Amino acid sequence: MVTNLSISNSKKLPWPFIASLLLFTLLQVGLDRCPAFWRYAEHNYRFHSDDALRLVSVLRRIPPDASFKKVLMIGTSQGREGIDFDVLNAHFSSQNIRFYDLGVIGNFHPIDLYMLKDRILATKPDVVVYSPHVETFYAPYKLQPANNLEYYFNPNIIPGLAKHLRWEDYDKDFRGDLLDSLIGSFSLFYKFRNHFDSVFFTSLQYSLGVVKRPEQKMSFFTKPYDGSYYKRQIESKQENPRYRYTRYTDLYQELFTIFVRDVASRNIKFIVLSCPLHPLFPKICSPQVMAAYQGFLADQSRQTGFTYTPNKELPVFTAGEFNDFTHLTLPARKRFTQFLIGYFERELKDLQHE
Amino acid sequence: MLFNSLKFFLFLVPVYLLYLRLNHRWQNRLLLVASYVFYGSWDWRFLSLILLTTTVDYFCALNISRTENPVVRKRFLMLSIFSSLSILGFFKYFNFFAGNLGRLLNVFGIAADPFYLNIILPVGISFYTFQTMSYTIDVYRKALKPTDRFFDFALYVSFFPQLVAGPIERAVNLLPQVLKPRIVRLDKFYEGCFLIFWGLFLKAVIADNLAKVVETVYAVKVPPFNGMEVLFASYAFTFQIYCDFAGYSHIARGLGKIMGFELMINFNLPFFVTNVQDFWNRWHISLSSWLRDYLYIPLFRGMRFLAGNVRVYAALMINMTVIGLWHGAGWNYILFGVYYGCLLCAYTFIRMHCQNWIVPKSGWGKALWYAARVVFMFQLISIGMLLFRSINGASVALHMLSSVIFNFTMSENVVPMISKTVYFIWILLAVQVIQYRTKDVLCVYKAHPVWKVLFYVVCIFYFTVYGVTNGNQFIYFQF
């Protein structure tokens, strides 16, 4: 073969391309450390679809050495949509306590909790409130777009995955995610590409006045489902149970235990707060699964000493106060928030006296 | 195995590294095996078709060259053309003609239950059959000496960078490059890499994102359509198909370059044209020039029985209808071809009869006149693309077209559609304006380093955030 591909001196290297890669990397590093960029992302995110991006932005904005007490509320869409944080913060501002909404759509499995652990602890919170759902522990991994390895990727998770899961889980659930996570570790834009595409594009549209900026939504649901929805869901879930033990359950329980232990070792108060469930919910979730889920949390609570509030300790919500099986209507949201004010008055009493 | 997939990358890297280590003879063998693996990755059963076409045309060409007897020569030419067209007709058009024949018989009251074949269309069949036909025709015309090296000829037919979507290479250009040792130089290697980069950008960033804009309108199968949405979706589709197909051609040329081949340019700034004839000189050049040389000119010469310009119009109409039909077995494609045939006839008529029109010859007037013609041509091209894209049938295409005239009203989707299209095509337009002004397709590659860095940063940003990485198929693979 006649070739002349030898690069005899550095002048022959594709310098413009190399320089552009370097520049692009520097740009990402710069933006990653720029609070204004994250404020911009948070300002332009779409409710529900961009929750993962919002969570990371909010987490970055929490001042570690603030003069006020910080309560981080992490968890599923139930917590995300069922609590009015403006009301909570308005009530507790006089007590120098601030609540941060770190809920996301989906289940916020302990994988995500574990991968974010260092970043959560770096904010030096006073209280961490976790709002799980039975599905958080008793379900396969990939149910919602916000439950992905790549957004909060931390290589420490790999041994856990290897220990509990099998090749078919990897192949079925997160083969692509792992590759994306590794690339995303080096590229901020790649990691949040499915969110930045709309953030950059829609904000440009808003800025140019091409499209009017809509009001930020508070809830994914606009109106409650009718009775036929519940009937269909009950029939389908009885045929094909959604909440069930999987190999992920062991992994989730182990990661949760590690998280709780590490939080406790830092003297951070940890609360596991259940969220309201529709009266028909027992029809789609077997009592055994529910008992196992609640039993695990209760055991952990006894062993580690964190506060666990199961569903039975919450106020009773009627069927009319739900949009679906798990999400409250806006009036019910207000009622639940009022309950939480009283709840946190009790639970954060120690904090107020510090 | 798509160019825009990880699988292709994993295929290419070892093949290329090995390629660089081998001598010419073994390079050709390697490329042949790689090409067959590449093609077989879609459906290995269709390898027999490509092998059959290769074998028949190889022997036909050799037999044509071995005799001066015109009858024998013609017989072998016919055999070659018949075998290629039979394969193409059987796999691509059988069901279409059977269905339409059945419908036609039903119109005349004859109950017919057409027989349909349960077959899938082999990828790239229209490309490689045209390529092999050009070989035997050129040998018949004595424009080319046939090769007696079967494996090298097989490589010419199946060369993987351009196998499934062109450019339809003539043997006169590609075969000598196969037969002679090639030189891979660093500058050509970089040029090739640039073409691959730009081609992938056109495909994965612009075409695949515009596809989402287009799909919102064209996925609707029943009227009424909003005319304004249809118009802007057609604009978006015009850019989408350009970026999809030109992107593929750039990648093919780039792959060729890094291996020491020079493949033909398939697109040459087609949006800067001022007339329809020029458009077809710059759009899918390898197909339009193929049909010009092997169909239009022979037709024109053969139709001496037609008087004056009628001969030109008839040849143009047949030629363009065949272009339409080449794209696919559907009435929308035929309508697409007929539409361009009519435009070409109209242009030919105007050119012959309206030469004395006063047009600005200099200054701003000339520039504005040029811009107006470019914009007008873009409208005509977009109408053609509307017909092309209407895969839900010719009647849907006509409904859509009529909505542009009779239901041209504003809707809330229009502004987001326009802004999304502009958001993606501005880089393409900027690059093409520079290419047009410098008359150099590789002007960006040769630009000042600062501009190059800026260009790469913008492209890498778009790639990272907007690049569609799930390996969407190229539109022209279906043809």
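Rules of the game
Residues numbered from 1 in each chain as written. Chains lettered and ligands numbered in written order. Predicted model: local features only at pLDDT ≥ 70, side-chain atom pairs only at ≥ 80, totals over all residues. Heavy atoms only, no water. Helix = DSSP H or I, 4+ residues; strand = E, 2+ residues; numbered from the N terminus. Buried < 20%, exposed > 50% of the residue type's maximum accessible area, 1.4 Å probe, protein only. Contact = heavy atoms within 4.5 Å. Areas by Shrake-Rupley, 256 points an atom, 1.4 Å probe, with all protein chains shown as cover. Lys, Arg positive; Asp, Glu negative; His and termini not counted. Charge placed at Lys NZ, Arg CZ, Asp CG, Glu CD. Phe/Tyr/Trp six-rings, centres within 6.5 Å; stacked < 30°, edge-to-face > 60°. Lys NZ or Arg CZ within 6 Å of the ring centre and 35° of its normal. Pairing = 2+ DSSP bridges. Axes fitted to C-alpha atoms, helices over the stretch in contact; angles between N-to-C directions. Buried area = accessible area lost by both parts, 1.4 Å probe. Salt bridge = Lys/Arg side-chain N within 4 Å of Asp/Glu carboxyl O. Polar contact = N/O pair within 3.5 Å; in protein donor to acceptor, adjacent residues only side chain to side chain. Nonpolar A, V, L, I, M, F, W, Y, C, P; charged D, E, K, R; others polar. pLDDT = per-residue confidence, 0-100. Right-handed = clockwise from strand over helix to strand, strands pointing away. Patch = residues over 30% accessible without salt bridge, like charges linked within 9 Å, V, L, I, M, F, W, Y side chains within 5 Å. Disulfide = S-S within 2.5 Å.

Caption draft 1: Main features of the overall build of chain B. Counting its regular elements, chain B contains 18 helices and one strand. Counting across all 479 residues of chain B, residues that qualify as buried make up 56%. Pairs at least 24 residues apart make up 79% of the contacts formed inside chain B by residues separated by at least 6 positions. For chain B, the accessible area works out to roughly 21300 Å², and carbon and sulfur atoms hold 68% of it. Charged side chains of chain B number 40 positive and 19 negative; the gap between the two group centres comes to 6 Å.

Caption draft 2: Inspection of the packing of aromatic side chains at higher detail. Taken as a whole, this structure holds 115 aromatic pairs over all chains when the rule is applied. Taking 5.5 Å as the distance between ring centres and 40° as the angle between the ring planes, the aromatic pair formed by Tyr243(A) and Phe281(A) counts as tilted. Here Tyr243(A), found in the loop between α13 (227–239) and α14 (247–265), pairs with Phe281(A), found in the loop between β5 (269–273) and α15 (287–304); they are 38 residues apart in sequence, far enough to count as distant. Relative to Phe344(A), the ring of Tyr343(A) has its centre 5.3 Å away and its plane inclined at 75°; by these criteria the two rings are edge-to-face. Given a relative accessible area of 3%, Tyr343(A) falls into the buried group. Arg311(B) extends its terminal NZ or CZ atom over the ring of Phe300(B), reaching a point 4.2 Å from the ring centre. Its guanidinium or amino end placed over the ring of Tyr436(B), Lys439(B) lies 5.8 Å from that ring's centre, counting from NZ or CZ.

Caption draft 3: Quick look at the sheet that holds strand β6 (residues 307–309) of chain A. Residue and element names in this part refer to chain A. Overall, parallel pairing links the five strands, which are arranged β3-β2-β4-β5-β6 in an open sheet. Each edge of the sheet is formed by a strand with only one pairing partner; in this case those strands are β3 (97–103) and β6. The sheet shows a mean angle of 15° between the axes of neighbouring strands, taken without regard to direction. The pairing of strand β2 (residues 69–75) with strand β4 (residues 127–131) spans five bridges and is classified as parallel. Each residue of the ladder has a partner; that of methionine 73, found in β4, is valine 129. Sitting on the sheet, helix α3 (residues 51–61) is in contact with β2 and β3, with an inclination near 150° to β3.

Caption draft 4: Representation of the interface of chain B and chain A. In this complex, chain B contributes 30 residues to the contact, which on the side of chain A involves 29 residues. Summed over both sides, the interface of chain B with chain A buries roughly 2500 Å², with 78% coming from carbon and sulfur. Of all residues in chain B, Leu186(B), Thr464(B) and Val465(B) give up the largest surface area on contact with chain A, accounting jointly for 21% of the area buried on that side. Applying the counting rule to chain B against chain A returns zero salt bridges. Applying the counting rule to chain B against chain A returns one residue pair in polar contact (both at pLDDT 80 or more). For the side of chain B that touches chain A, the leading source of residues is helix α18 (residues 449–466) of chain B, giving 10 residues. Considered class by class, the residues forming the side of chain B that touches chain A number 22 nonpolar, four polar and four charged.

Caption draft 5: Local environment of the confidence of the model for chain B. Averaged over chain B, the pLDDT score is 88; the fraction of residues at 70 or greater is 97%. Across the predicted assembly, pTM comes out at 0.85 and ipTM at 0.80.

Caption draft 6: Representation of the pairing of β5(A) within the structure. All names here are of chain A. A large share of β5 lies buried, amounting to four of its five residues. Relative to β6, β5 runs parallel, the two being bridged by three bridges. Residue pairing for β6: isoleucine 271 is matched across the bridge by threonine 307. This β-α-β element, β5 to α15 to β6, shows right-handed connectivity.

Caption draft 7: Main features of a nonpolar patch on the surface. A cluster of nonpolar residues, Leu179(A), Ile183(A), Leu6(B), Phe9(B), Leu10(B), Val13(B) and Leu17(B), forms a patch on the protein surface that exposes about 660 Å² of accessible area. Elements with a minimum of two residues in the nonpolar patch: α10 (167–186) of chain A together with α1 (6–21) of chain B. No other element matches the five residues that α1(B) contributes to the nonpolar patch. Looking at where Val13(B) falls in the secondary structure, it is placed in helix α1. On the basis of relative accessibility, which here comes to 34%, the residue Val13(B) falls in the partly exposed class.

Caption draft 8: Local environment of the state of the cysteines. Residues and elements named next belong to chain B. In the structure shown here, the tally under the stated rule is zero disulfides over all chains. With no disulfide of its own, cysteine 342 has cysteine 345 as its nearest cysteine by sulfur position, at a separation of 6.4 Å. Since its relative accessible area comes to 42%, cysteine 342 is described here as partly exposed. Exposure remark for cysteine 345: the relative accessible area of 13% places this residue in the buried category.

Caption draft 9: Inspection of the pattern of salt bridges at higher detail. For the coordinates displayed, the defined rule picks out 35 salt bridges over all chains. The shortest N-O distance in the salt bridge between Lys257(B) and Glu262(B) comes to 3.0 Å. Through salt bridges with shared partners, one network takes in Asp51(A), Arg54(A), Arg80(A) and Asp101(A).

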